[in-house]
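Listed below are the residues making up each chain.
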Amino acid sequence: MSVMAENPKRALLVIDVQNEYFTGKLPITYPAGSLANVLSAMDAAREHGVPVVVIQHASPQPDAPVFRKGSKEWELHPEVATRSHDVLIHKSLPGSFTGTELETWLRERGVETVVIAGYMTQMCCDTTARQAMHLGFGVEFLSDGTGTLAIKNDAGEVSDEELHRAILVTQQMRFSRVMKTGDWIKQL
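In this text, all values refer to a predicted model and were calculated from it rather than measured experimentally. (Residues numbered from 1 in each chain as written. Predicted model: local features only at pLDDT ≥ 70, side-chain atom pairs only at ≥ 80, totals over all residues. Heavy atoms only, no water.)

Draft legend 1. Local environment of the overall build of the chain. Counting its secondary structure elements, the chain contains 6 helices and 8 strands. Seen in sequence order, the chain has helices and strands lined up from the N terminus as β-α-β-α-β-α-β-α-β-β-β-α-β-α. For 188 residues, the compact-globule estimate of 2.2 N^0.38 gives 16 Å, and the C-alpha radius of gyration of the chain, at 15 Å, lies within 12% of that figure. Taken along its principal axes, the extent of the C-alpha atoms in the chain is 50 × 35 × 30 Å. Burial analysis of the chain (188 residues in total) assigns 50% to the buried set. Residue pairs at least 24 apart in sequence account for 79% of intrachain contacts in the chain once pairs closer than 6 positions are excluded. (Helix = DSSP H or I, 4+ residues; strand = E, 2+ residues; numbered from the N terminus. Rg over C-alpha atoms; globule rule 2.2 N^0.38 Å. Buried < 20%, exposed > 50% of the residue type's maximum accessible area, 1.4 Å probe, protein only. Contact = heavy atoms within 4.5 Å.)

Draft legend 2. Up close: the pairing of strand β1 (residues 10–15). Buried residues dominate β1, accounting for 6 of its 6 residues. Of the two faces of β1, the one carrying Arg10, Leu12 and Val14 and the one carrying Ala11, Leu13 and Ile15 are both buried. Summarising the sheet, β1 and strand β4 (residues 113–119) pair through 6 bridges and their orientation is parallel. The residue bridging leucine 12 from the neighbouring strand is valine 115, located in β4. Of the pairings in the sheet, the one linking β1 to strand β2 (residues 52–57) comprises 4 bridges and is parallel in character. Of the residues in β2, the one forming a bridge with leucine 12 is valine 52. Crossover β1 to β2 through helix α1 (residues 34–47) is right-handed. (Pairing = 2+ DSSP bridges. Right-handed = clockwise from strand over helix to strand, strands pointing away.)

Draft legend 3. Layout of the pattern of salt bridges. Tallying each qualifying case throughout the model produces 12 salt bridges. The residue arginine 83 makes a salt bridge to glutamate 79 at a minimum N-O spacing of 3.0 Å. (Salt bridge = Lys/Arg side-chain N within 4 Å of Asp/Glu carboxyl O.)

Draft legend 4. Examining helix α5 (residues 160–175) more closely. A rise of 1.5 Å per residue sets the reference length of α5, with its 16 residues, at 22 Å; its end C-alpha atoms lie 21 Å apart and thus fit the reference within 8%. Along α5, the positions that sit buried rather than exposed are Asp160, Leu163, His164, Ile167, Leu168, Gln171 and Phe175. Viewed along the axis of α5, the buried residues span an arc of 130°, placing them on a single side of the element. Considering only its buried residues, α5 is in contact with α4 (121–134), β5 (138–147), β6 (151–153), β7 (156–158) and β8 (177–179). (Expected span 1.5 Å × (residues − 1). Arc of directions from axis to C-beta.)

Draft legend 5. Representation of the confidence of the model for the chain in the model. Looking at the chain as a whole, the pLDDT averages 95, with 96% of positions reaching at least 70. Counted against residues more than four places away or in other chains, residues 1–8, with its pLDDT under 50, gives 16 contacts. (pLDDT = per-residue confidence, 0-100.)

Draft legend 6. Up close: the sheet that holds β8. Taken together, 6 strands build an open sheet; the order of strands is β3-β2-β1-β4-β5-β8 and the sheet is parallel. Edge positions in the sheet fall to β3 (87–91) and β8, since each of these pairs with one other strand and no more. Sheet twist, expressed as the mean angle between neighbouring strand axes with direction ignored, is 25°. Against the sheet, α1 engages β1, β2, β4 and β5, with an angle of about 140° to β5. On the sheet, α5 packs against β5 and β8 and is oriented at approximately 170° with respect to β5. (Axes fitted to C-alpha atoms, helices over the stretch in contact; angles between N-to-C directions.)

Draft legend 7. Structural view of the side chain of serine 59. With respect to the element layout, serine 59 can be found in the loop between β2 and α2 (78–81). Among the polar contacts made by the side chain of serine 59, one reaches the main-chain carbonyl oxygen of valine 66 at a distance of 2.7 Å. Other than its neighbours up to four places away in sequence, serine 59 contacts Ala64, Val66 and Phe67. (Polar contact = N/O pair within 3.5 Å; in protein donor to acceptor, adjacent residues only side chain to side chain.)

Draft legend 8. Spotlight on the packing of aromatic side chains. Enumeration over the complete set of coordinates arrives at 4 aromatic pairs. Residues phenylalanine 97 and phenylalanine 137 carry aromatic rings whose centres are separated by 5.9 Å and whose planes lie at 25° to one another, so their mutual orientation is stacked. Of this pair, phenylalanine 97 sits in the loop between β3 and α3 (102–108) while phenylalanine 137 sits in the loop between α4 and β5, and the two are 40 residues apart along the sequence. Both residues of the pair, phenylalanine 97 and phenylalanine 137, belong to the buried class. Joined through ring pairs, the aromatic side chains of Tyr21, Phe22, Phe67 and Tyr119 make up one cluster. (Phe/Tyr/Trp six-rings, centres within 6.5 Å; stacked < 30°, edge-to-face > 60°.)

Below is the structure:
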């Protein structure tokens, strides 16, 4: 019996857990411990036969200031890179389904629910969760296995905690079942 046969309906999406968010220009600051929770989710998924999809972002511009393909910051975080995964998906837009083979890969394996982990909560995680729901997948969003940083731009300023919480509340309203990593692991 294959490991995947134990739980073929769900897949863990590990979105953009790359050095840019740790040693680059976009250090994740909230919530504390999000990386440890991503790694725990990966380990539990593997243990319970849940496929693990690692997603890696690259800026389409060759001289991009962040996520420049081939740069040290573009590389996967070493803890993610050394863990087992079923497929690596490359993307260049916030949505993990846009211009990638993700949907086909999931459907070929009978996946019905995707689990969102990684970075940034309000950008690639939120976009991917919304896309998944629009495509008919169930979505579980790991509240402490995703993360962000404070943002300030011409539209205003928001703290890391406020931004993260607002996205989680919005996800729970319509798109996802928001849950802590430990609770997700217990249900496997």
